[in-house]
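Report on the structure
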Amino acid sequence: MTGSRLRTLIGFGAVALTLGFFPALQEALDLPRFLVIFLFTTMFWVSQASSWNILTGFAGYFSFGQGAWYGIGVYTVSVLVGKHGWPFVAALPFAGLAAGAAGLLLGVVVFRLRRLSGEIFALTTLAVAFVLAAVARLSPAIDGGTGIFMTGTPIPEFLGDFSTAMYRLTLVFALLTVLAAYLIHDSRLGWGLFAIRDDEQVADGLGVPVFRYKMAALGANAFFAGLMGGVWSLQLGFVTVDDVFNIRVPLFVILMSVLGGMSHWMGPVLGAVIITTLSDRLNSAGLADVSQIIIGALLVVLALAVREGVYLRMRDRWVTTAAIFFGVLALVTVLDINSSLISDFAYAIVATTVAMLVPSGVWERVRAARGGNGRGGPPDILAEDLTEANT
Amino acid sequence: MDLISQGVVSGVLVGGLYALMSLGLSLSWGALKIINLAHFSFILLSAYFVYQLTLSYQIDPLVTMVLVVPLFFGIGALMQVFFHMVKVDEFKSLIITFGIFIILQSLIRTIWSADFRRIGSELNPYATESIHIGAVAFPVSQLVAFAAAVLIAVGMSLLLSRTYFGKAVRAVAQDREMARAFGVDPRRVAVILSGLTTCFSALAGLFVAVGQTIFPGLAVSWFGIVFSVVILGGLGNTVGTLTAGVIVGVASNTAAVTWGPLSAPLVTFLILIAALLFRPEGLLTRRSVA
């Protein structure tokens, strides 16, 4: 085990422990209960974005299919529990398995075809979700247009009350998804997927088992998305086709991963935290209608402006990042602009993200103006050139 | 038997509307290399414009064409100017137009709410009228839409094969740099073509507003059908798109009549998969621009 892997796993364990004890901490310190709900919503999106990124970020196959896998998970649990009276926990694994199987089925059809380009794959996955929606709406065995009630589903006692149970379930599955993404990222499978993303024909020629690897990525994506969908059926309470198979899930995972960065497993995690915080604050400020417009506009800007995502930039400029984040956090806390803890964090997160979205060229110039000898800065010659060019 | 023949006739007619909805997407993908998901919201937006204009000025819905079509030409042309400014490839265009799609969908939802809207029958003589031949009914609104689809598909095909502009479009689609070397301005060609494609979407929206109830979720429900038609027809192939629209319309309608409504989306999807498997280049590829 290399040093960096050990460090990552220790960090992973620390985050898991902190998050694991958070509900107890919240009660002990009498923090707002909403924090628990906010955190399990965030973890839901962390899991969705991370699982999406295994296929799209690593293997480069752009997928609109996240809503389909998520929806299969939601409906598997809803039908088994709501219509056949299964216990919730027994139905849960089938959510992941059903979605995973559907993913592999699609994979067999589309990946066996050499000619299927990335764009056509993307649109095929888009069509899958709408076909599933139509089938669910028309078939009485699944939904039949009436919806399924999940409120009052008995939850095993060891999970605690409703929000604590949601918190624990989402935490476990989010950790599993991110761990899987990390392990794939740093494995032979991951290198193979990156090779496929860069140039599939060359990868094939160099002996990467292209078909098997793509199937593995698609299967993992669908499995984790479905599993978390199964958990989320509880939170939905009343499951309807329009609520489940809408454009929201694919839109948000794309946005989160593009923002965070798709080449690293941490990118979607960070993107999910940023977007969930932002959208939660917009909604609580009564801007729910505008928030979708803002998010659409953000997607356009990000697609044009940011190539590698904010995570890698934050890692490269971690001193600046930490300074801005804690500076703004301290500032809003001292000024007491907003009494809510999430709002304080939201200001800090937005400030840091915006700072990281500044084009690289501007950063280089700032560094050059300072003398160009800073940590990781450009070589002196380049710095001089830039200074000259500026004057 | 009458039920089946009625199903086939409705399928052919509704296939015309499917083709009209798909023409814009197919041309912009095939010739401009831009997968424009915003077309779905353009169709819906145009439908809402038609609805609003008809209601506000108490005019015949078909008359709104004189306002709506030029407006959408402008929107499409402007969008292409933007795409030129930021230099997008096929992949980026997918993400960017998805963003535009989301923005327009929320705008529609904000302005007109999620309610079901329909142009009242006193203003819309086309919705209820139909011509009867034997036991089979031909709804007028669908007949007009079908005629428009045929006119546009054949007209565009002639335009692309016979005129200077058409040659320029095909040249740009094949090799932008070479086209430039031979004196074609790729930017201008692309802007005009993009304007035209959004015009087709605007017309599709007009017939949607005339023929059925509209609501914001409608745009999303078109994805499966339109995408199947575009792939089956072949990118940039207008006559192919018309043929594919009719095939998809007839197949899904007949399936719905024989096996119940559940089978229609499944049949559409199976056609799509079959098209991807056996004819990924489209049914009639000879005339394709790309």
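Fair warning: this is a prediction, and the values are worked out from it, not measured in the lab. Every chain's residues receive numbers from 1 upward, in the order its sequence appears when written. Labels are handed out in written order, letters beginning with A for the chains and numbers beginning with 1 for the ligands. A pLDDT threshold of at least 70 governs which residues receive local features in this predicted model, and a stricter bar of 80 or more applies before side-chain atom pairs are shown or counted, although totals over entire chains, interfaces and linings include all residues.

This part covers the overall build of chain A. Helix and strand definitions follow DSSP, with helices as H or I runs of at least four residues and strands as E runs of at least two, each counted in order from the N terminus. Counting secondary structure elements, chain A contains 18 helices and two strands. Here the globule rule reads 2.2 Å times residues to the power 0.38, and the radius of gyration is calculated from C-alpha atoms. The C-alpha atoms of chain A give 22 Å as radius of gyration, which agrees with the globular expectation for 391 residues (21 Å, within 12%). When its C-alpha atoms are laid out on the principal axes, chain A stretches across 75 × 60 × 45 Å. Pairs at least 24 apart in sequence give 74% of the contacts found in chain A among residues at least 6 apart. Once C-beta atoms are placed from the backbone, any two residues with those atoms within 7 Å are in contact.

Its location among the elements puts Phe278(B) in helix α13 (residues 263-278). Between the C-alpha atoms of Phe278(B) and Ser252(B), which are 26 residues apart in sequence, the distance is 19 Å.

All names here are of chain B. Multiplying one less than the number of residues by 1.5 Å gives the expected span of a helix. Relative to the 33 Å expected for 23 residues at 1.5 Å per residue, helix α6 (residues 140-162) spans 32 Å between its end C-alpha atoms, a close match to the ideal helical length. With C-beta atoms placed from the backbone, a residue is buried if 20 or more other C-beta atoms are within 10 Å of its own, exposed if 12 or fewer are, and partly exposed between those counts. Three or more residues of α6 are buried, namely Ser141, Gln142, Ala145, Phe146, Ala148, Ala149, Ile152, Ala153, Met156 and Leu160. Here the buried face of α6 lies against α1 (2-32), α5 (125-128), β2 (136-139), α7 (164-174), α9 (186-211) and α12 (238-259).

Residues and elements named next belong to chain B. The pLDDT averaged across chain B works out to 86; a share of 97% of its residues lies at or above 70. Values of pLDDT, the confidence the predictor places in each residue, fall between 0 and 100. For chain B, the element scoring lowest by mean pLDDT is α5, at 73; helix α2 (residues 38-57) scores highest, at 93. For this predicted complex, the interface score ipTM comes out at 0.81, while the overall pTM is 0.82.

What follows concerns unusual backbone geometry. Despite not being glycine, Asp30(A) shows a phi value in the positive range, around 60 degrees. Residue Asp30(A) is classed as exposed on the basis of its C-beta count, with 7 C-beta atoms lying within 10 Å.

Okay, the interface of chain B and chain A next. Listed by partner, the interface residues are 32 residues for chain B and 33 residues for chain A. Looking at the side of chain B that touches chain A, the elements with two or more residues in it are α4 (90-112), α10 (218-221), α11 (223-233) and α13 of chain B. The element best represented in the side of chain B that touches chain A is α4(B), accounting for 14 residues. Residue polarity follows a fixed list, in which Ala, Val, Leu, Ile, Met, Phe, Trp, Tyr, Cys and Pro are nonpolar, Asp, Glu, Lys and Arg are charged, and the others, Gly among them, are polar. In terms of residue class, the side of chain B that touches chain A is made up of 24 nonpolar, six polar and two charged.

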